[in-house]
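Chain residues, written in single-letter form:
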Amino acid sequence: MENYLFEKMLVPKAYMKLALPVVLSMIVSLVYNMVDTYFIALTGVQELVAGVSLVAPMFTLMIAFGDIFGLGGSSVISRLLGEKKDNEAKKTCAFCIWVSLVFGLCISVILLLFRTQILGLLGVSKVTYEYANAYYTWIAIGAVSIIFSMVPSNILRTEGLAVQSMAGSIIGSIVNIIFDPIFIFGLNQGAAGAAMATVLGNIIADIYYVYAVMKKSKRLTCSPSHMKITGRRVKDILMIGIPASITNIMQTFMMVMTNNFLLTYGTDKVAAMGIALKVNMITALVLVGFAFGGQPLVGYNYGAKNEKRLKNILKFAYLFEIGLGLLFTIIMCIFAPQIIKVFMDKPDIITNGAMMLRFQQIGMTFMSVSLISTCVCQAVGNAGGAFVLSISRQGVIYVLALLIMSNVFGYTGVLVSQACSDVVTALIAVGIMLRIMKKFIKN
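How each quantity is defined
- Residues numbered from 1 in each chain as written.
- Predicted model: local features only at pLDDT ≥ 70, side-chain atom pairs only at ≥ 80, totals over all residues.
- Heavy atoms only, no water.
- Helix = DSSP H or I, 4+ residues; strand = E, 2+ residues; numbered from the N terminus.
- Rg over C-alpha atoms; globule rule 2.2 N^0.38 Å.
- Buried < 20%, exposed > 50% of the residue type's maximum accessible area, 1.4 Å probe, protein only.
- Contact = heavy atoms within 4.5 Å.
- Areas by Shrake-Rupley, 256 points an atom, 1.4 Å probe, with all protein chains shown as cover.
- Lys, Arg positive; Asp, Glu negative; His and termini not counted.
- Charge placed at Lys NZ, Arg CZ, Asp CG, Glu CD.
- Salt bridge = Lys/Arg side-chain N within 4 Å of Asp/Glu carboxyl O.
- 1 Å grid on protein atoms, 1.4 Å probe; cavity = no way out; pocket = protein on both sides within 12 Å on 5 of 7 lines; lining within 4 Å.
- Points joined across faces, edges and corners; volume = space filled by probe spheres on them.
- Nonpolar A, V, L, I, M, F, W, Y, C, P; charged D, E, K, R; others polar.
- pLDDT = per-residue confidence, 0-100.
- Polar contact = N/O pair within 3.5 Å; in protein donor to acceptor, adjacent residues only side chain to side chain.
- Phe/Tyr/Trp six-rings, centres within 6.5 Å; stacked < 30°, edge-to-face > 60°.

Q: Honestly, the overall build of the protein chain in this entry has me stumped. Any pointers?
A: When helices and strands are counted, the protein chain shows 19 helices and 0 strands. For 443 residues, the compact-globule formula gives about 22 Å, and the C-alpha radius of gyration of the protein chain, at 21 Å, lands near that figure. Taking the principal axes of the C-alpha coordinates as reference, the protein chain spans close to 60 × 45 × 35 Å. Every one of the 443 residues in the protein chain was classed for burial, and the buried ones make up 62%. Partitioning the intrachain contacts of the protein chain with sequence separation of at least 6 by distance along the chain shows that 83% fall at a separation of at least 24. Put simply, the protein chain shows about 17500 Å² of open surface, and 69% of that area lies on carbon and sulfur atoms. Where the 34 positive side-chain charges of the protein chain centre and where its 19 negative ones centre are 11 Å apart.

As structure tokens, this is what we get:
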């Protein structure tokens, strides 16, 4: 059944069969993020909202660390399955699962040991320290559960088990949503309660993922006896996993940079941006879901050297993603004030948040091009292209845009920087994709 899906099924149907469960899990995660933001904002304490916003990049950082072995491993496994090397795929799966656990524990220890220094780098002040520290502590304690969850959730899709991958995400998010009000208000834990609920949700999701790999998969395993792989295979995982990780690290970097630039204009601006970025995830997560959902399909057919099918997959992916990005931009720009108002009904937050959201949305169509291109680079093992794109949109290009635009246009320049970065990164992505396809056809 899995081979038919990857090799014979009509491209739109196969793509959606793999991508829709990912998108649905993203939507559930989105609902969790919205609910989480809603409950935090419901406290009515602006300093609490700002404190959590300042530490929020740490959660993104945990996802980035998980992507090293989640996306890196799934990229290698997809190509191995396309080459009919099932035993090698099984070993790679076991390696990624166990190494991510050890790595996650190490990260938890480091985050707790260097708590004060890291909070300082995040821009936490005396006003926000109490709330930021409470949220940070529990995210650090639960880092291993967040990092580990990214591995089986990505690897399961390489065998066509997208529904199982989706189920784990949904279960974790539902647990999170249920315990958010209990911990935040019922147990009066405030910012710490929001982080506790997040960690608990990830732990429950992890338990389900392990069950799915052990009981639902035919070609994957959690057994430590299978985790011995060659140094070359480890290199393959890291060459794709690290650039994939850098993509999310750059997102963390972007959030920190933006918050620090906005602090000059007041805490209310940071709080507004925290809400705007969460709302912006409505578009971003859906686009990411459709982009990454088709990644196993790209990797499999690249490994199988099926040129005609690979071209059809890419054509469908780009056209669909760009159209969807444009639709979201129009909707979000029209209803921006009403959406921000749902989370915090304060005039200054609504005005600033709506403007911030609109500027973020302007670049979504261009981000679609970058997303698909990044996924292709990861799927086919093009480490160079994956690295360049991973450090561009919310990294090098964004910093340059932020420095230039803020100096020229001040506050408005800070807000428009991401859209400028999206346009430039999309142009770079087109160039990289043309080179990849030219090389593939030549070979």
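Q: Would you mind going over the pattern of salt bridges with me for this structure?
A: When their charged atoms lie close together, side chains carrying opposite charge are able to pair. For the structure shown, the criterion picks out 5 salt bridges. The closest approach of N and O atoms between Arg233 and Glu88, which form a salt bridge, is 3.3 Å. Of this pair, Arg233 sits in helix H10 (residues 231-263) while Glu88 is found in helix H4 (residues 86-113), placing the two residues 145 residues apart along the sequence. With a relative accessible area of 15%, Arg233 lands in the buried category. Ionic pairing is found between Arg219 and Glu159, a salt bridge with its closest N-O pair at 3.9 Å. In this pair, Arg219 sits in the loop between helix H9 (190-215) and H10 while Glu159 sits in the loop between helix H7 (143-155) and helix H8 (162-186), placing the two residues 60 residues apart along the sequence. Of the two residues examined, Arg219 and Glu159, each falls in the buried class. Within this structure, Glu88, Arg233 and Asp236 form a network of salt bridges that share partners.

Q: How should empty space enclosed by the protein be read in this particular structure?
A: Counted under the stated rule, the structure contains 3 cavities of 30 Å³ or more. Here the second largest cavity defines a volume of roughly 60 Å³. In terms of lining residues, the second largest cavity is bounded by Tyr15, Ala291, Gly294, Gln295, Val298, Ile313, Leu314, Ala317, Ile372, Cys375, Val376 and Ala379. Among the secondary structure elements, those contributing two or more residues to the lining of the second largest cavity are helix H12 (295-303), helix H13 (307-334) and helix H16 (364-380). If one sorts the elements of the lining of the second largest cavity by residue count, H16 sits on top with 4 residues. Here the residues of the lining of the second largest cavity sort into 10 nonpolar, 2 polar and no charged.

Q: Before we go on, may I ask you to explain the confidence of the model for the protein chain in this structure?
A: Parts of the model with low pLDDT should not have their predicted coordinates read in detail. Scored by pLDDT, the protein chain comes out at a mean of 83, with 95% of its residues at no less than 70. Averaged pLDDT values for the elements of the protein chain fall to 72 in helix H1 (residues 2-7) and rise to 91 in H13.

Q: Would you explain the side chain of Asn154 in this entry?
A: Here Asn154 lies in helix H7. Looking at Asn154, its side chain comes within polar contact range of the main-chain oxygen of Met150, at 2.6 Å. Setting aside anything within four residues of it in sequence, one finds Asn154 in contact with Asp67, Gly70, Leu71 and Ser74.

Q: I'm lost on the layout of surface pockets in this one. Help?
A: Gaps between atoms show up when a probe of the same size as a water molecule is rolled over them. Estimated volume of the largest pocket: approximately 870 Å³. Arg79, Glu83, Tyr302, Val380 and Gly381 are, among the 29 residues lining the largest pocket, the residues nearest its centre. Residue assignment for the lining of the largest pocket shows that the elements contributing at least two residues are helix H3 (46-82), H10, H12, helix H17 (383-390) and helix H19 (411-442). The element contributing the most residues to the lining of the largest pocket is H19, with 6 residues. Looking at the lining of the largest pocket residue by residue, the classes come out as 12 nonpolar, 7 polar and 10 charged.

Q: Hey, could you run me through the packing of aromatic side chains in this one?
A: Each aromatic ring pair is characterised by the separation of its centres together with the angle its planes make. For the structure on display, the rule yields 8 aromatic pairs. Here Tyr15 and Phe316 contribute two aromatic rings whose centre-to-centre distance is 5.4 Å and whose plane-to-plane angle is 65°, an arrangement assigned as edge-to-face. Of this pair, Tyr15 sits in helix H2 (residues 11-42) while Phe316 is found in helix H13, placing the two residues 301 residues apart along the sequence. Across the pair, Phe316 and Tyr15 agree in class, each one buried. Where Phe316 meets Phe320, the ring centres are 5.8 Å apart and the plane angle is 15°; that geometry is what we call stacked. Taken together, the positions of Phe316 and Phe320, both in helix H13 and 4 residues apart, correspond to about one turn of that helix. Residue classification places Phe320 among the partly exposed residues on the basis of a relative accessible area of 27%. An aromatic cluster is defined as three or more aromatic residues linked by ring pairs; in this entry it consists of Tyr15, Phe290, Phe316 and Phe320.

Q: Please explain the environment of Thr258 as it appears in this structure.
A: Here Thr258 is to be found in helix H10. Considering only alpha carbons, one finds Thr258 and Val399, 141 residues apart in sequence, at a separation of 9.5 Å. If sequence neighbours within four positions are ignored, Thr258 has contacts with Met273, Tyr398 and Val414.

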